[in-house]
Number of protein chains: 2
Amino acid sequence: MDGSFPLPLFGGDAPLYHQLYRHIAAAIQSGALAPGSKLPSKRRLCALAGVSMSTVETAYSLLAAEGYVLAKPRSGYVCADLLPPAPAAPSQRLPETVPAPPPRWAYDCSTSGVDTSAFPFSSWARITKEAVYENPGLLQRGHPQGDLSLRTALAELLAQYRGVRCAPEQVVVGAGADYLITLLLQLLPEQRSIALEDPGYPAAYTAAALHGREAVPIPVDGEGMDPEALAASGAGLAYLTPSHQFPLGVTMPAGRRSRLLHWAASAPGRWLIEDDYDSEFRYSSRPIPALQGLDRAGRVVYMGTFSRSIAPAIRVAYMILPPELLERFRRTFSHGACTVSRFEQESLRRFLVQGLYGRHLRRTGNLYRKKCALFTGALSAIPCAAISGADAGLHFMVTIPRLSEAELVERAAAKSVGVQPLSRYCHRVKPKPSTVVLGFAGLTEDELAQAAALLKEAWT
Amino acid sequence: MDGSFPLPLFGGDAPLYHQLYRHIAAAIQSGALAPGSKLPSKRRLCALAGVSMSTVETAYSLLAAEGYVLAKPRSGYVCADLLPPAPAAPSQRLPETVPAPPPRWAYDCSTSGVDTSAFPFSSWARITKEAVYENPGLLQRGHPQGDLSLRTALAELLAQYRGVRCAPEQVVVGAGADYLITLLLQLLPEQRSIALEDPGYPAAYTAAALHGREAVPIPVDGEGMDPEALAASGAGLAYLTPSHQFPLGVTMPAGRRSRLLHWAASAPGRWLIEDDYDSEFRYSSRPIPALQGLDRAGRVVYMGTFSRSIAPAIRVAYMILPPELLERFRRTFSHGACTVSRFEQESLRRFLVQGLYGRHLRRTGNLYRKKCALFTGALSAIPCAAISGADAGLHFMVTIPRLSEAELVERAAAKSVGVQPLSRYCHRVKPKPSTVVLGFAGLTEDELAQAAALLKEAWT
């Protein structure tokens, strides 16, 4: 066997023992060294390969550890009987980078943009550094709901800004609102369907599909989700955006809130998920307190996120569980880990309690108020244009009865302005005709002025 | 009506308009102001309440905005017809803090502890601060799979340390391994069952239950998951820990790897999830390359995390999707957001590419090697004690045939040392008798010496 023993051509940077090991392993894998055949003795291989004893010993022990060879007492090493490699799939080329498509529009009035120009970089950097330095204990595994100190700060913030009534024990922190919806659906396996606003937030429809739940579209009227249609649907779980309905921009009045709370309280196993989307930015009046604060029956799950009020990069969202669901959470996830880094939790806590978040909200609120006024003002000058849903949040709707929805979108695109057709968010309901949805947060004031001028040309 | 109109007792810190608004809203909600009844005129209320016109105007406009009152042309404001509040649930007291239970043992040999004493605080703090300062672009929404720069660094790291062969395009970054398993199960809705190691990692069983999949326990022998039992189970999806099986500590040899790859390649719709748990720490030989690197058919999903190799607080895990699943991911999650903060992604990238991770692994690897040798050495002195699974990772098993499993656990607990019974991780298989699982990473060397002395007393 010595004559035919495959020796490596040593070369390259890898240690000799590793080259030797790799070479012999490959020979066994390919069948060049047959199952059951003996390897040369260590001494013999030293001589054959011209390497030291320790090189050979290390290579042989690796081969034995990985199961390529078996050590037989008094007869040395014998090649193992490996299956030949499984056949390669025909098209297993590594996927190539899909280059980011070039921007489709010069002015993208997307509803997902935010203005990050006011982000307090130096404060955040300082806070982040302090959070690491001053808290070595944060390296250990934290509470599955998030650290109590952050949950306490959140409960206080939500009580003050949103009228939410909760104990810090009810707060669950997680890496984004979509993730929290996943957790919630895992807590509610008996809910096989979920009522969603129609038109509504596309990610909620996606989440329902990903969890194998039936999405039941419920029409939204001028006050929000229709309670009669909800009651008729048979669903036990409903997802709502009462502060600033997406995409219609409707704010749900007190009477409608009360009706939905009645629906939830009037039979067991009914739940409302209140996504308090965009509640931070309200231009024409004070923010309306959350549905959760009015709920005396413990049927509302309140949900919010910092992705819009701070930045999309900050993956921190939170939900407030009513007592019954909190019990379930504690039973189901007591061994889980919170999905947000504890350093990031501590940075956010400092941002909140040092008053930096309040200041940031005021600054960005003023920015958005100005942008919204500028953009809606300029668009109002278009003949017959009606603007709605602009009292709050970072988007609104424009209706121009003279043009079809498709014409509005296409003419805007021809001027390189991206706007979304309302029908994109509609499921069973017929969209309000001639209407498009525009976000303004991601564009600068100059860009908004330019986009408005282009839209005026496009739509006049 | 004026005489009976409920006026607030002004007081406290809230602005007058807000006290007035809140007072009237409560009266409408409770029915004290009947539906349809008229509010006093603004001028009249100024006089009644002794406040300014602007205070009254603000309060009325808030009431109108929230739907408590309706503005009727020429007749002022009329109370809306609200439903009375839904009945309160009998037991809706806010949950109280469940105080953390006092530690059950003086020495907790849990398998989830890690040693954070070697964590490079000052480097991490510096890197974190730089990541914020130098990357304002990171505030915007990033790639759903995680930033390409981090994925490139991960692909290089995994190629070098673990023999993983992948393009950065195949890497998906997410907030923890449990979260990535969630994503993966969402990508594989057709897999109604999942084969799991028995004994095995409890979180994998929990994940299966949470996603409504049947957990199929497959016995683990001295080489890892039994391929014949897997083939016979009918499952199309199997979850494995080949580097250091949890909890047996078995390292899967080359022949078994090859058999499992054959199983996966020999029929469509079969997948192996390789959780490369504990692969970073190997004491008796070089780490064995990952299963993924041998997979030519594209049937292995490779998974890893930094929670043990850096710290549990760092919520960053990653998986490598084979091309077919990458296509599915791109179709399903193209609009989703990565669950890890982009600042944290950038901090980790810097930690990797600046060589700090490699240095940290060497330091903690030496620490763990020393701890493992110390603890196993001391425990070997116990008569008839056999130690297994201590070649790698942060836990091992001790078998003492003279005592039952329950006796081992109880006698250790009586000395205030926490050890886990092997049966805790077993489903259908009968556990190896008289065996307990011990982790050593979370205790200091002194604590390990003391725990070993106590265990010797307990088990002799």
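Residues numbered from 1 in each chain as written. Chains lettered and ligands numbered in written order. Predicted model: local features only at pLDDT ≥ 70, side-chain atom pairs only at ≥ 80, totals over all residues. Heavy atoms only, no water.

A. Examining the confidence of the model for chain A more closely. Mean pLDDT over chain A: 89, with 95% of residues reaching 70 or higher. Here the predicted complex carries an ipTM of 0.82, next to a pTM of 0.84. (pLDDT = per-residue confidence, 0-100.)

B. Highlighting helix α9 (residues 254–265) of chain B. Residue and element names in this part refer to chain B. The terminal C-alpha atoms of α9, which comprises 12 residues, lie 16 Å apart, in line with the 16 Å expected from a rise of 1.5 Å per residue. When you tally the buried positions in α9, you get nine out of 12 residues, the bulk of the element. Within α9, the full set of buried residues consists of Ala254, Gly255, Arg256, Arg257, Ser258, Leu260, Leu261, Trp263 and Ala264. Along its buried surface, α9 packs onto β6 (214–221), β7 (224–225), α8 (227–233), β8 (237–240), β9 (271–275) and β10 (300–305). (Helix = DSSP H or I, 4+ residues; strand = E, 2+ residues; numbered from the N terminus. Expected span 1.5 Å × (residues − 1). Buried < 20%, exposed > 50% of the residue type's maximum accessible area, 1.4 Å probe, protein only. Contact = heavy atoms within 4.5 Å.)

C. Quick look at the packing of aromatic side chains. Residue and element names in this part refer to chain A. Applying the stated criterion to the full structure yields 33 aromatic pairs over all chains. On the numbers, 6.0 Å between centres and 80 degrees between planes, the contact of Tyr201 with Phe246 is edge-to-face. Of the two residues, Tyr201 sits in the loop between β5 (193–198) and α7 (202–210) while Phe246 sits in the loop between β8 (237–240) and α9 (254–265), which places them 45 residues apart along the sequence. When its relative accessible area of 4% is taken as the criterion, Phe246 is described as buried. (Phe/Tyr/Trp six-rings, centres within 6.5 Å; stacked < 30°, edge-to-face > 60°.)

D. Broad picture of the pairing of strand β11 (residues 317–320) of chain A. All names here are of chain A. Burial along β11 is two-sided: Ala317 and Met319 and Tyr318 and Ile320, pointing in opposite directions, are all buried. Judged from the four bridges that link them, strand β4 (residues 171–174) and β11 form a sheet pairing that is antiparallel. For Val171, the partnering residue across the bridge sits in β11 and is Ile320. Where strand β10 (residues 300–305) lies against β11, four bridges are found, and the strand directions are antiparallel. (Pairing = 2+ DSSP bridges.)

E. Geometry of the sheet that holds β10(B). All names here are of chain B. Taken together, the eight strands give an open sheet; going across it, the order is β4-β11-β10-β9-β8-β5-β6-β7, and neighbouring strands pair in mixed fashion. Single-partner strands in this sheet number two, and they are β4 (171–174) and β7. Strand direction decides the pairing type here: β9 and β10, joined by four bridges, are parallel. Residue pairing in the sheet places Leu272 in a bridge with Val300 of β10.

F. Focus on the interface of chain B and chain A. Every contact between the two is made by 86 residues of chain B and, on the other side, 86 residues of chain A. With both sides pooled, the region where chain B packs onto chain A buries about 7,400 Å², and carbon together with sulfur makes up 64% of that total. Taken together, the links from chain B to chain A amount to zero salt bridges. Connecting chain B to chain A are 12 residue pairs in polar contact (both at pLDDT 80 or more). Counting residues per element, the ones that place at least two in the side of chain B that touches chain A are α1 (16–30), α3 (53–65), α4 (121–133), α6 (177–187), α9, α10 (323–333) and α11 (342–353) of chain B. Ranked by residue count, the leading element in the side of chain B that touches chain A is α4(B), at eight residues. (Buried area = accessible area lost by both parts, 1.4 Å probe. Salt bridge = Lys/Arg side-chain N within 4 Å of Asp/Glu carboxyl O. Polar contact = N/O pair within 3.5 Å; in protein donor to acceptor, adjacent residues only side chain to side chain.)

G. Structural detail: the relation of the copies chain B and chain A. It takes a turn of 180 degrees to lay chain B on chain A, together with a shift of 0.0 Å along the axis; the resulting RMSD is 0.1 Å. Within this description, the copies of the chain are treated as partners about a two-fold rotation axis. Scanning chain B for the C-alpha nearest the rotation axis identifies Lys129(B), at a separation of 2.9 Å. (Least-squares fit on C-alpha atoms with pLDDT ≥ 70 in both.)

H. Representation of the environment of Cys166(B) within the structure. Following the sequence through the fold, Cys166(B) ends up in the loop between α5 (148–162) and β4. Measuring from C-alpha to C-alpha, the distance between Cys166(B) and Pro322(B) comes to 8.5 Å, with 156 residues separating the pair along the chain.

I. Region of the structure containing unusual backbone geometry. Each neighbour pair has its own omega, and for Asp198(A) with Pro199(A) the value is 0 degrees, a cis peptide bond. Here Pro199(A) shows up in the loop between β5 and α7. Phi angles above zero are rare outside glycine, and Ser416(B) is one such case at about 65 degrees. Considering the arrangement of structural elements, one finds Ser416(B) in the loop between α13 (405–414) and β14 (417–418).

J. Structural detail: the sheet that holds β5(A). All names here are of chain A. Strand order in the open sheet formed by eight strands is β4-β11-β10-β9-β8-β5-β6-β7, with mixed pairing between adjacent strands. With partners counted over all chains shown, the strands left at the sheet margins are β4 and β7 (224–225), one partner each. The pairing of β8 with strand β9 (residues 271–275) spans four bridges and is classified as parallel. Residue Tyr239 lies in a different strand from β9, and its bridge partner there is Ile273. Strands in contact with helix α5 (residues 148–162) are β4, β10 and β11; relative to β4, the strand with the most contacts, it is inclined by about 110 degrees. Lying on the sheet, α9 is in contact with β6 (214–221), β7, β8, β9 and β10; it crosses β9 at an angle near 140 degrees. (Axes fitted to C-alpha atoms, helices over the stretch in contact; angles between N-to-C directions.)

K. Layout of the pairing of β10(B). Extensive coverage of β10(B) is indicated by the burial of six of its six residues. Here β10(B) shows two buried faces, one formed by Val300(B), Tyr302(B) and Gly304(B) and the other by Val301(B), Met303(B) and Thr305(B).

L. Representation of the pattern of salt bridges. In the structure shown here, the tally under the stated rule is 28 salt bridges over all chains. Measuring nitrogen to oxygen at the nearest pair gives 2.7 Å for the salt bridge that ties Asp115(A) to Lys371(A). In this pair, Asp115(A) is assigned in the loop between β3 (107–108) and α4 (121–133) and Lys371(A) in helix α12 (residues 356–380), connecting sequence segments 256 residues apart. One exposure class covers both Asp115(A) and Lys371(A), and it is buried. Of the charged contacts, one joins Arg342(B) and Asp147(B) as a salt bridge, the two residues approaching to 3.0 Å between their closest N and O atoms. Placement of Arg342(B) in helix α11 and of Asp147(B) in the loop between α4 and α5 is noted, with a sequence separation of 195 residues between them. Judged on exposure class, the residue Arg342(B) and its partner Asp147(B) are both buried. Look at the salt bridges and you will find they share partners, linking Arg126(A), Glu130(A), Glu134(A), Glu346(A), Arg349(A) and Arg350(A) into a network.

M. Just the packing of α13(B) against helix α14 (residues 445–459) of chain B, in detail. Residues and elements named next belong to chain B. Axis separation between α13 and α14 bottoms out at 9 Å; the angle between their running directions is 125 degrees. In this view, α13 runs oblique relative to α14, as classed from their interaxial angle. Remark: the crossing between α13 and α14 carries right-handed chirality. Every residue of α14 that contacts α13 at Leu408, Arg411 and Ala412 is listed here: Leu455, Ala458 and Trp459. Broken down by class, the residue content of the contact of α13 with α14 amounts to five nonpolar, no polar and one charged. (Parallel < 35°, antiparallel > 145°, perpendicular 65-115°, else oblique. Left-handed = near helix turned anticlockwise from the far one by under 90°. Nonpolar A, V, L, I, M, F, W, Y, C, P; charged D, E, K, R; others polar.)

N. Quick peek at the packing of helix α2 (residues 42–49) of chain B against α3(B). Residues and elements named next belong to chain B. Running from amino to carboxyl end, α2 crosses α3 at an angle of 115 degrees, the nearest separation of the two axes being 9 Å. In this structure, α2 meets α3 at a crossing whose hand is right-handed. In this structure, α2 contributes Lys42, Arg43, Leu45 and Cys46 to the contact, and α3 contributes Met53, Val56, Glu57 and Tyr60. When the residues that make up the contact of α2 with α3 are grouped by side-chain class, the tally is five nonpolar, no polar and three charged.

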